[in-house]
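Chains, contacts and geometry: an overview
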Amino acid sequence: MTWNSRLFALVAFSSALLLGCGQKTQDSAIVGSGQPSSVKSFNSYPSWAPDGSKILFSSDRAGSMDLYTIDPSGQNLIRLTHHDSVDSHAAWSPGGSRIAFDSHRDGNREIYVMNADGSEPRRLTHHPQWDGTPSWSRDGSELVFYSERDGNAEIYVVALDGTGLRRLTATPTNEYNPSFSTNDGAMLMESSADGNRDIVVLQPGDQVPLNVSRHRARDHLPAWSPDGTQIVFSSRRDGNDDIYVMDRDGRHIQNLTKHPAVDVMADWSPDGSRIVFVSNRDGAFRLYTMAANGEYVRAVE
């Protein structure tokens, strides 16, 4: 079973096992010390706030897969969504005032937007096929995401009011996890065009993306550095799930974690000095941070 399959199976299993009946309230709440912690929960897909003050992530610590924020120091854990479903793949808007995410709350995986405090969630996509992994345009006016609505996974963009849907890629293969560089608008994504899941970059105005990872192992879950010069990603190219960094053209690849545990799902701090990621090195899948060179690894909580 692939890592993506294992991940979805774990999310689906833990959510199905622990979900209650009915919909909870939509108010955010501070989680006190008496609430479930990360020790035995499954935490995933961290996203560092644009001002560096918080880390957004998904967790099943309260029974369902919901969205939370926490300070990088491990303080001030706040639950943003309260829904008996899977809320995941959350991303901050450029100004930090809104959050985009995907959710199964209406019976199918769709794209939603809410305020940064968890209030006023709105559904943007309405299609029986899966829509997921949203990311923001540089000006915050649109969301880019992948969809299976045309038979395979392709990249689409939509305005925040749900209008202006358009398809950005058209290939016989699959593309996932898109994001725009903040400095020049180049699009980063995963692609299976070369027969394996690789990381590709599509420059503005180009029709064919450049494969920048090119490896027989699976390279996935890429994220731009704040200045757009580097890419952090997950890979099994050394026989284990680790976090890697490379230049945007694929040169100077470096294994940052080199740990026998599973290390995946990395994102940069807004100043580019640190990286947050998910690891099960202490048993459960928890959030960790490290310096951009892989040093000074520590658990967030």
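Here goes a summary of the coordinates provided. Each chain has its residues counted from 1, running along the sequence as written. Selection of residues for local features in this predicted model requires a pLDDT of at least 70, selection of side-chain atom pairs for listing and counting requires 80 or more, and totals for whole chains, interfaces and linings are taken over all residues. Calculation of side-chain values draws on the structure's entire complement of heavy atoms; hydrogens and water are dropped beforehand.

**Let's talk about the overall build of the protein chain**
When helices and strands are tallied, the protein chain shows one helix and 25 strands. Summary of the burial criterion: residues with accessible area below 20% of their type's maximum are buried, those above 50% are exposed, and those between are partly exposed, where the area comes from a 1.4 Å probe applied to protein chains only. Scored against the burial criterion, the 301 residues of the protein chain give a buried share of 56%. Within the protein chain, contacts between residues separated by at least 24 positions form 36% of all contacts whose residues are at least 6 apart in sequence. Counting from the N terminus, the helices are DSSP H or I runs at least four residues long and the strands are E runs at least two residues long. Contacts are assigned to residue pairs with any non-hydrogen atoms lying within 4.5 Å of each other.

**A short note on the nonpolar core**
Counting 19 residues, the largest nonpolar core has I55, F57, I70, M265, V278 and L287 as the members making the most contacts within it. For this core, the elements supplying multiple residues, two or more each, are β2 (43-48), β3 (55-59), β4 (66-70), β22 (263-268) and β23 (274-279). When sequence neighbours within four positions are dropped, the list of residues in contact with I70 reads S53, K54, I55, F57, Q75, N76, L77, L287, V300 and E301. Throughout, nonpolar core names a set of buried Ala, Val, Leu, Ile, Met, Phe, Trp, Tyr and Cys residues whose side chains join them through atoms within 4.5 Å.

**Quick word on the layout of surface pockets**
Definitions used throughout: a 1 Å grid over protein atoms alone; a cavity as a set of points that fits a 1.4 Å probe which cannot get out; a pocket as an open set with protein on both sides within 12 Å along at least five of seven lines; a lining residue as one with an atom within 4 Å of a point. Grid points are joined across faces, edges and corners, and a volume is the space filled by probe spheres set on the points. One number sums up the size of the largest pocket: a volume of about 980 Å³. Contributing elements (two or more residues each) for the lining of the largest pocket: β2, β6 (87-92), β10 (131-136), β14 (175-180), β18 (219-224) and β22. Gly is placed with the polar residues, together with every amino acid not listed as nonpolar (Ala, Val, Leu, Ile, Met, Phe, Trp, Tyr, Cys and Pro) or charged (Asp, Glu, Lys and Arg). Tallied by class, the residues present in the lining of the largest pocket amount to 22 nonpolar, twelve polar and two charged. Every residue lining the second largest pocket is counted, 25 residues in all, and those nearest its centre are T169, M189, L202, Q207 and P209.

**Quick notes on the pattern of salt bridges**
Any carboxyl oxygen of Asp or Glu within 4 Å of a side-chain nitrogen of Lys or Arg constitutes a salt bridge here. Counted under the stated rule, the structure contains 18 salt bridges. Of the charged contacts, one joins R286 and D282 as a salt bridge, the two residues approaching to 3.6 Å between their closest N and O atoms.

**As for the sheet that holds strand β13 (residues 166-167)**
Strand pairing requires that DSSP identify at least two bridges connecting the strands. Strand order in this open sheet of four strands is β10-β11-β12-β13, and the pairing throughout is antiparallel. The outermost strands of the open sheet, each flanked by one partner alone, are β10 and β13. Relative to strand β12 (residues 154-159), strand β11 (residues 142-147) runs antiparallel, the two being bridged by six bridges. If you follow V144 over to β12, its bridge partner there is V157.

**Concerning the pairing of strand β24 (residues 286-291)**
By the criterion of burial, β24 is predominantly enclosed, with six of the six residues buried. Taking every second residue as pointing to the same face, both faces of β24 are buried, with R286, Y288 and M290 on one and L287, T289 and A291 on the other. Note: β23 against β24, six bridges, orientation antiparallel. Across the sheet, V276 pairs through a bridge with T289, a residue of β24. Turn length for the β23-β24 hairpin, with the two strands adjacent in sequence and antiparallel, is six residues, and the turn residue G283 shows positive phi of about 115°. Bridge count for β24 against strand β25 (residues 298-299) is two bridges, and the pairing is antiparallel. From the neighbouring strand, T289 faces β25, where its bridge partner is R298.

**Examining the packing of aromatic side chains**
Classification of ring pairs uses Phe, Tyr and Trp, with its six-membered ring standing for Trp, and accepts pairs whose centres are within 6.5 Å; under 30 degrees between planes counts as stacked, over 60 as edge-to-face, and the remaining range as tilted. Scanning all chains against the criterion turns up seven aromatic pairs. Here the aromatic rings of F42 and F285 are separated by 5.2 Å at their centres, their planes lie at 65°, and the arrangement is edge-to-face. A residue pair is termed long-range when its members are at least 10 positions apart, and F42 in the loop between β1 (29-30) and β2 and F285 in the loop between β23 and β24 qualify at 243 residues. In terms of burial, F42 and F285 fall into one category: buried. For a Lys NZ or an Arg CZ to count as sitting over a ring, it must be within 6 Å of the ring centre and within 35 degrees of the ring normal. The aromatic ring of Y68 is capped on one face by R61, whose charged end is 5.5 Å from the ring centroid.

**Describing unusual backbone geometry**
The general pattern is negative phi for most residues beyond glycine and trans for most peptide bonds. Phi angles above zero are rare outside glycine, and N76 is one such case at about 60°. Mapped onto the secondary structure, N76 falls in the loop between β4 and β5 (78-79). The residue R214 is not glycine, and still its phi comes out positive at about 40°. Mapping R214 onto the fold places it in the loop between β17 (210-211) and β18.

**Here's the deal with the sheet that holds strand β8 (residues 110-115)**
Here four strands make up an open sheet; going across it, the order is β6-β7-β8-β9 and the pairing antiparallel. Unpaired on one side and paired on the other, β6 and β9 (122-123) mark the two borders of the sheet. As paired elements, β8 and β9 share two bridges and run antiparallel to each other. Within the sheet, the bridge partner assigned to V113 lies in β9 and is R122.

**Quick word on the side chain of D87**
Inspection of the secondary structure assignment puts D87 in strand β6. D87 sits in the buried class, given a relative accessible area of 0%. Looking at D87, its side chain comes within polar contact range of the side chain of S103, at 2.5 Å. The residues contacting D87, other than those within four sequence positions of it, are S58, M65, D66, L67, T81, F101, D102, S103 and R105. Polar contacts, as used here, are pairs of N or O atoms within 3.5 Å; protein pairs need one atom able to donate a hydrogen and one able to accept it. Residues neighboring in sequence count only if both atoms are side-chain atoms.

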